[in-house]
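Residue-level structural notes
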Amino acid sequence: MNGYLIVGLVAVALIVLLLATNKKLVETLKNIYKIEELRKRVFYTLGLLLVFRLGCFVVIPGINPNALGEGSALANQMDSNTLLGLLDVFSGGAFANAAIFALGVMPYITASIIIQLLGMMVPAVQKLQKEGESGRRKMNQWTRLLTIGVLCLQGPAYVANLYRTSSEAFVYGGTFYFFAYATVILIAGTMFTMWLGEKITDKGIGNGISLIIMIGIVARLPQALLAEFTARVETSTGSLIMFVVELALLFLVFMVTIAVVQAVRKVPVQYAKRIVGNKQYGGVRQYIPLKMNAANVMPIIFAQALMFIPAFIPGLKGAFSNFQGFWYNLTLAVLVIVFTYFYTAIIINPQMMADDMKRNGGFIPGVKPGKQTVNYIDTIMTRITLPGSIFLALVAIMPALAMNFLGVQQHFAYFYGGTSLLIMVGVVLDTLKQIESYLLMRHYDGLMKTGRIQGRY
């Protein structure tokens, strides 16, 4: 309790110091409060996020939460299995609590990825994607139905794994009826979480699903920070100076990640001049922003999902069971690089971009329309994807590097890299951009003195 009090006082002191020394920030907060629509959206979003956080602590009826605390078999399993640990991070700790929101929004993310991949390979789905609003609604309906199908598989699997690791937590035993109604509760919890995300997107500040994932990640930061602070101060090998160094390095990692997430290669496009009636169209130069990290967090998620396979091979179990080991991280880095090229090739279609430019009377200066434009865009994407993939590989193994070379504890090391870091940076940038758009629309200054915030897109 004293540790929590110290961290709380330090946080309050930093906030007060920040507000006292930054008049621009205080003025921006006043402007946000003055805009009635923005004020309602912010409070509405905070309210729904609070509902989600409360649901992360509502345990499934029939489960004894006292048997799932720290040191339990389930907690040890998540510490040793990076995939289960990732699910727990995304669910905001609900996975470890056996809460009604234990599966979080990951089944919806899985269904969305499947639909997205089908859109690249199935012509009927591609046609539906081009039908505008009606097609988008039908795609969303398909995604929801597929989410229920994924939940029908993941729900029983989660309850079975929970019973295998912590059977003493089952008050009524592992009967079929308990498995059935626990699965129904998990399905209802995920669907309710999806509803919260959609409401935040429609009536809040946007990016509902992403905000729910981010708030689950950020909610683990105070406890991880407290544990790291306690370990550095109370142990004989640690020191307060080392804790400050860790925070400084974490800040540097965040800054570098923001720079790479926002890095784009602008390809100039010239549009031909057209006169329709009394109006002139085209005749201007625009840019196609090609992101260096177009794949975002998906390569890391795919790579971490596959890393449990070598652990089942008898000859490789020892080398790949330790996620701090050399061979584990080398394999993870290689998989991230491969999946970055694979996923970028799926979501970036140079042929489609060249056809759209040709259809609208646009061309890249010095490059002939058609095949040469396709080759030009493909060459640029191949070149900028290489540093992007290497950066993602470093982000993926950064937690292991922090633990091995800095002695950072496991739960705090998650914030040095991996999907947690990329999701937090990306969602915060998008949310700030949404708020800034409201401020600029009402003729207020933006959030930053040095210029407008650039989102991920």
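In short, a report on the structure. (Residues numbered from 1 in each chain as written. Predicted model: local features only at pLDDT ≥ 70, side-chain atom pairs only at ≥ 80, totals over all residues. Heavy atoms only, no water.)

**As for the pattern of salt bridges**
What the rule picks out here adds up to six salt bridges. A salt bridge links Glu36 to Lys40, with the nearest nitrogen and oxygen atoms 3.2 Å apart. Linking Glu36 with Lys40, this pair stays in helix 3 (residues 36-55), spanning four residues, or about one helical turn. On the basis of relative accessibility, which here comes to 46%, the residue Glu36 falls in the partly exposed class. Salt-bridge contacts for Asp356 lead to Arg359; the nearest nitrogen and oxygen are separated by 2.7 Å. In this pair, Asp356 and Arg359 both sit in helix 17 (residues 350-359), three residues apart, roughly one turn of the helix. Several salt bridges share partner residues, and in doing so they unite Glu228, Arg232 and Glu246 into one network. (Salt bridge = Lys/Arg side-chain N within 4 Å of Asp/Glu carboxyl O. Helix = DSSP H or I, 4+ residues; strand = E, 2+ residues; numbered from the N terminus. Buried < 20%, exposed > 50% of the residue type's maximum accessible area, 1.4 Å probe, protein only.)

**With respect to the side chain of Asn293**
Here Asn293 shows up in the loop between strand 4 (285-291) and helix 14 (298-306). For Asn293, a relative accessible area of 3% puts it in the buried group.

**Section: a nonpolar patch on the surface**
Taken together, the side chains of Ile114, Leu118, Met120, Met121 and Val122 define a hydrophobic patch exposed on the protein surface, amounting to about 400 Å² of accessible area. The exposure class assigned to Val122 is partly exposed, which follows from its relative accessible area of 31%. (Patch = residues over 30% accessible without salt bridge, like charges linked within 9 Å, V, L, I, M, F, W, Y side chains within 5 Å. Areas by Shrake-Rupley, 256 points an atom, 1.4 Å probe, with all protein chains shown as cover.)

**Topic: the environment of Thr331**
Mapped onto the secondary structure, Thr331 falls in helix 16 (residues 326-347). Between the C-alpha atoms of Thr331 and Ala393, which are 62 residues apart in sequence, the distance is 10.0 Å.

**Overview of the environment of Thr110**
Relative to the assigned elements, Thr110 resides in helix 7 (residues 106-121). Here the alpha-carbon distance between Thr110 and Leu146, two residues 36 residues apart in the chain, equals 9.0 Å.

**Notes on the packing of aromatic side chains**
Each pair of aromatic rings is reported with the distance of its centres and the angle of its planes. According to the stated counting rule, one finds twelve aromatic pairs in the structure shown. Ring centres 5.2 Å apart and planes at 85° place the aromatic pair Phe178 and Tyr181 in the edge-to-face group. Placement of the pair is Phe178 and Tyr181 together in helix 10 (residues 176-203), with a separation of three residues, close to one helical turn. On the numbers, 5.7 Å between centres and 85° between planes, the contact of Phe412 with Tyr416 is edge-to-face. (Phe/Tyr/Trp six-rings, centres within 6.5 Å; stacked < 30°, edge-to-face > 60°.)

Limitation: the analysis is restricted to geometry and does not speak to function.
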